[in-house]
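# Observations on the model geometry
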Amino acid sequence: MTDHATDLPSPPALPAKELALKALGVPRGPHYFFYRHSAWVRAAHWLNALCLAVMLMSGLAIFNAHPALYLGNGSDFEHPILSLTAQQNNDGSVTGYTWIGEHFFNTTGILGASREDGQWMARGFPSWATLPGPQWLAMGRQWHFAFAWILVLNGLLFFAYGLWSGHFRRDLTPTRKDIADLPHEIAQHARLHFPHGEAARHYNALQKLAYASVIFGLGPLVVLTGLTMSPTMDAAFPILPWIFGGRQTARTIHFVCAFSFLAFFLVHIAMVVLSGSWNNIRSMITGWYAIGKEPGHG
Amino acid sequence: MAEQTRRSFAARTLAAAGTLSLGGCYDLSQKKWFTDILGSVEVLTRRAQHLFAGPHTLAPEYSKADIAPVFRANGTLDPGTPDYAAHVANGFRDWRVTVTGLVEKPLSLSMAELRALPSRTQITRHDCVEGWSCIGEWKGTPLALLLAAAVPKPAARYAVFYCADPMTAEGDPEHYYYESLPLSEAVHPQTILAYEMNGQTLPVAHGAPVRLRAERQLGYKQPKYLQRIDLVEDFSRIEGGKGGYWEDLGYTWYGGI
């Protein structure tokens, strides 16, 4: 007797219901719960999520104080590599521009000029993207530097846990098989086919690559480029501005890192939804991930 | 765990996240208990940075080739008072820099006397709190020399710098730019009273006739149009009580980050 036979006798599912169940990630057939994320990983994950949201938004508030990026140690005000500017028009309206080198784009409403409490303002990023919303550099800095501490301490604890528990070695280090499977994984992900059943117990090659590059690459890079912007830290560690090719280059890298985190977040959310949102979210809250039993294996 | 319980847990989590939405963060920014927490983080940051930087490490210095063709002038570009205009007109011959407060021997020096003292020349990077940087060459008297001559009393903890640029519109009670540094930073070898910039007499836009350079600090900690250096035990009864013009408006007193 197959497991399907033990299901309640129900009418054939409608395609919509089937899709909804699939989206929730609850296997229709019999399933068991697999303890996927330890309490340490879960706590670090949600604290990190909060920190990254605050860091990105307060970072944009700080950026708005001088919405331009440069390379080198000093700012070549005539030639920023990226800048957000505003122009007051004769009829009183404001136009916002995004400049990339010598090229400019009209980005009124979002970048360069946008409405704050109904008033058109010259501001780099719009108020819905910054923390605090109104232009307030001093407060943006306070939020940023307070949550930087939480982010870094959380990151250090997670590093210690990952090394000590074997989480990094066991779950994040790609195996030879992972590397061999990489082209296949990319093709499968492109078709939005995700591992189910037993295969979902382990990270696949793409997941390992994505998580490892954020944990070991982007994370340390965003912290170090952030520290390089502090004049006192540059006195303590003159190697910092030297490594990154100057304080302004470090600031530019810091900005690129912030948007890399945002890109990671968007892909991460898309993957969570596409591969079964509720099952994924539950496993990151309670630790338990539902895995369907294949027919005939019950 | 029953499915129902799990769902309500998720709902509660989402609701908690909702309180941290945009409006919530803005409200928090105006709550005293919350800004007090942020203020204590500032102390943590300052102590941690001092732990790494110590009293003696030097800010990076650069070569003449790195000097910015255009060094942005920020804040006050001309104090604009009749008194200051008179000083400009006679080439700052009557300008005096005084050292007062908790010192054994108060000082009062003319620009000529200041220039006659040993000087330090440094090509350094000026970092504005807004995010930009400019490299320039500064020549001036190490503040440590002046303070050594004035002999600080044991109680002295901070140097408060008083400037000639008024910060309020006409008609308001007069507030001039002021700043403060801990004594340890005031006697740092790169903390100088600069009267030359890029080999020229200090221009008005950059703080003529003399400004502070404290190279491990952000720009707002390096006041221009400097007139008086007052050594104090604490600054809580000076102006807004936060130790500087921008600090009184909410910026952190610690300006090393």
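Thresholds, definitions, all that
Residues numbered from 1 in each chain as written. Chains lettered and ligands numbered in written order. Predicted model: local features only at pLDDT ≥ 70, side-chain atom pairs only at ≥ 80, totals over all residues. pLDDT = per-residue confidence, 0-100. Contact = placed C-beta atoms within 7 Å. Pairing = 2+ DSSP bridges. Helix = DSSP H or I, 4+ residues; strand = E, 2+ residues; numbered from the N terminus. Nonpolar A, V, L, I, M, F, W, Y, C, P; charged D, E, K, R; others polar. Domains from an automatic or database assignment. Buried ≥ 20, exposed ≤ 12 C-beta atoms within 10 Å, placed from the backbone. Axes fitted to C-alpha atoms, helices over the stretch in contact; angles between N-to-C directions. Core = buried A, V, L, I, M, F, W, Y, C linked by C-beta atoms within 7 Å. Expected span 1.5 Å × (residues − 1). Bend = angle between axes of the 7 residues up to and from the residue.

## Re the confidence of the model for chain B
Residues and elements named next belong to chain B. Model confidence for chain B is summarised by a mean pLDDT of 91, while 89% of its residues fall at 70 or above. Throughout residues 1–7 the model reports pLDDT below 50, and contacts reaching past four residues in sequence, or to other chains, amount to 4 contacts. Across the assembled chains, the prediction reports ipTM 0.89 with pTM 0.89.

## Concerning the sheet that holds strand 4 (residues 94–100) of chain A
Residues and elements named next belong to chain A. The sheet built from 4 strands is open, its strands ordered 2-3-4-5 with antiparallel pairing. Among the strands making up the open sheet, the edge pair consists of strand 2 (68–69) and strand 5 (103–106). Sheet analysis places strand 3 (residues 82–88) next to strand 4, joined by 7 bridges and oriented antiparallel. Residue Ser83 lies in a different strand from strand 4, and its bridge partner there is Trp99.

## Brief notes about the interface of chain A and chain B
Taken together, the contacts link 36 residues of chain A with 43 residues of chain B. Contributions of two or more residues to the side of chain A that touches chain B are made by helix 2 (39–63), helix 3 (137–165), helix 7 (231–236), helix 9 (247–274) and helix 10 (277–285) of chain A. Counting residues per element, the side of chain A that touches chain B draws most heavily on helix 3 of chain A, which supplies 8 residues. In terms of residue class, the side of chain A that touches chain B is built from 21 nonpolar, 10 polar and 5 charged.

## Looking at the domain arrangement of chain A
Residues and elements named next belong to chain A. The domain boundaries assigned to chain A delineate domain 1 (32–64 + 130–293) and domain 2 (67–129). The distance between the C-alpha centroids of domain 1 and domain 2 comes to 29 Å. Each partner contributes residues to the interface: domain 1 has 17 residues there, and domain 2 has 16 residues. Where the side of domain 1 that touches domain 2 is concerned, the elements lending two or more residues are helix 2 and helix 9. The greatest single-element share of the side of domain 1 that touches domain 2, amounting to 6 residues, is contributed by helix 9. Looking at the side of domain 1 that touches domain 2, its residues break down into 6 nonpolar, 9 polar and 2 charged.

## Considering the confidence of the model for chain A
Per-residue confidence for chain A gives a mean pLDDT of 89, with 89% of residues at or over 70. Scored below 50 in pLDDT, residues 1–6 of chain A makes 10 contacts in the model with residues more than four places away or belonging to other chains.

## A closer look at the environment of A:Leu274
Residues and elements named next belong to chain A. By the secondary structure assignment, Leu274 is in helix 9. By C-beta crowding, Leu274 is classed as partly exposed, having 16 other C-beta atoms within 10 Å. Ignoring anything within four residues of it in the chain, the contact list for Leu274 reads Leu192 and Phe194.

## Considerations on the sheet that holds strand 1 (residues 96–101) of chain B
Residue and element names in this part refer to chain B. Taken together, 5 strands build an open sheet; the order of strands is 2-1-10-5-6 and the sheet is mixed. Where the open sheet ends on each side, the last strands, each with one partner, are strand 2 (107–110) and strand 6 (176–182). Each neighbouring strand pair of the sheet contributes to a mean axis angle of 15°, computed without reference to strand direction. Pairing of strand 5 (residues 158–166) with strand 6 involves 6 bridges; the strand directions are antiparallel. Bridge pairing in strand 6 places Tyr162 opposite Tyr178.

## Some words on the nonpolar core
Core analysis: the biggest nonpolar cluster contains 63 residues, and B:Phe161 and B:Leu193 have the highest contact counts within it. What B:Phe161 contacts, discounting residues up to four positions off in sequence, is B:Tyr178, B:Glu179, B:Ser180, B:Leu212, B:Pro223, B:Leu226 and B:Ile229. If you look at the next biggest cluster of nonpolar residues, it comprises 15 residues, including A:Phe244, A:Ala250, A:Ile253 and B:Ala59.

## Remarks on helix 6 (residues 205–228) of chain A
All names here are of chain A. Spanning 24 residues, helix 6 covers 33 Å between terminal C-alpha atoms, matching the ideal 34 Å at 1.5 Å per step. Where helix 6 bends most, the angle comes to about 35°, and this point is Val214. Taken together, the buried positions of helix 6 are occupied by Ala205, Gln207, Lys208, Gly219, Val222, Thr225, Gly226, Leu227 and Thr228. On its buried side, helix 6 packs onto helix 3, helix 4 (167–172), helix 5 (176–190), helix 7, helix 8 (239–244) and helix 9.

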